[in-house]
Amino acid sequence: MATTISTADARKQFADIVDKVAYGHESVILTRRGEKIAALVSMEELELLKQIEDFIDIEDAKESLAEPGKNIPATEFWKQIGL
């Protein structure tokens with residue numbers, strides 16, 4: 001479960017919060033004026049989130065490749081989207 005703390009209080013307790021996140025594997029949600037604005041997570045959690053995102057991207061790509069239609073080279077696709 002994540003701890004919620006205001007950014008003002010987080011500034012005062014920054015070192016303790018970093019320790020909780022890094023070594024206690026506790027997530028911290030930062031608020032400003034009562035609104036959730038950011039979260040601090042351990043590196044392990046961040047890596048897991050990246051792996052989940054990569055898996056979803058791969059699954060989306062597989063689905064796209066399975067759709068009927070004309071395949072185009074990546075360079076042409078990038079050109080079409082302005083990259």
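Residues numbered from 1 in each chain as written. Predicted model: local features only at pLDDT ≥ 70, side-chain atom pairs only at ≥ 80, totals over all residues. Heavy atoms only, no water.

1. Looking at the pattern of salt bridges
- Throughout the structure, instances matching the rule amount to three salt bridges.
- One salt bridge connects Lys-50 with Glu-47, and the closest N-O pair in it is separated by 3.9 Å. Highlighted residues: Lys-50 and Glu-47, both in helix H3 (residues 43–66), separated by three residues, approximately one helical turn.
- When its relative accessible area of 37% is taken as the criterion, Glu-47 is described as partly exposed.
- Across the pair Lys-62 and Glu-59 runs a salt bridge whose closest N-O atoms are separated by 3.7 Å. Taken together, the residues Lys-62 and Glu-59, both in helix H3 and three residues apart, mark about one turn of the helix. (Salt bridge = Lys/Arg side-chain N within 4 Å of Asp/Glu carboxyl O. Helix = DSSP H or I, 4+ residues; strand = E, 2+ residues; numbered from the N terminus. Buried < 20%, exposed > 50% of the residue type's maximum accessible area, 1.4 Å probe, protein only.)

2. Concerning unusual backbone geometry
- The residue His-25 is not glycine, and still its phi comes out positive at about 50°.
- For Arg-33, which is not glycine, the phi dihedral falls at a positive 55°.
- By the element assignment, Arg-33 lies in the loop between strand S2 (28–32) and strand S3 (35–40).
- Since its relative accessible area comes to 79%, Arg-33 is described here as exposed.

3. Some thoughts on the pairing of S2
- With four of its five residues buried, S2 lies for the most part within the structure.
- Strand direction decides the pairing type here: strand S1 (residues 3–6) and S2, joined by four bridges, are parallel. Bridged to Thr-4 within S2 is Ile-29.
- Bridging between S2 and S3 involves five bridges; their strand directions are antiparallel. Counted as the bridge partner of Ile-29 is Ala-39 from S3.
- Hairpin remark: S2 followed by S3, antiparallel, with two residues in the connecting loop; positive phi at Arg-33, about 55°. (Pairing = 2+ DSSP bridges.)

4. Describing the nonpolar core
- Counting residues in hydrophobic clusters, the biggest one holds six residues: Ile-5, Ala-10, Ile-17, Val-21, Val-28 and Leu-30.
- Those elements giving two or more residues to this core turn out to be helix H2 (14–23) and S2.
- When near neighbours in sequence (up to four residues on either side) are disregarded, Ala-10 contacts Ile-5, Ile-17 and Leu-30. (Core = buried A, V, L, I, M, F, W, Y, C linked by side-chain atoms within 4.5 Å. Contact = heavy atoms within 4.5 Å.)

5. Observations concerning a negative patch on the surface
- Together, Glu-53, Asp-54, Asp-57, Asp-60, Glu-63 and Glu-67 make up a region of like negative charge exposed at the surface.
- Residue placement: Asp-54 occurs in helix H3.
- Take Asp-54: its relative accessible area is 43%, and that puts it in the partly exposed class. (Patch = residues over 30% accessible without salt bridge, like charges linked within 9 Å, V, L, I, M, F, W, Y side chains within 5 Å. Areas by Shrake-Rupley, 256 points an atom, 1.4 Å probe, with all protein chains shown as cover. Lys, Arg positive; Asp, Glu negative; His and termini not counted. Charge placed at Lys NZ, Arg CZ, Asp CG, Glu CD.)

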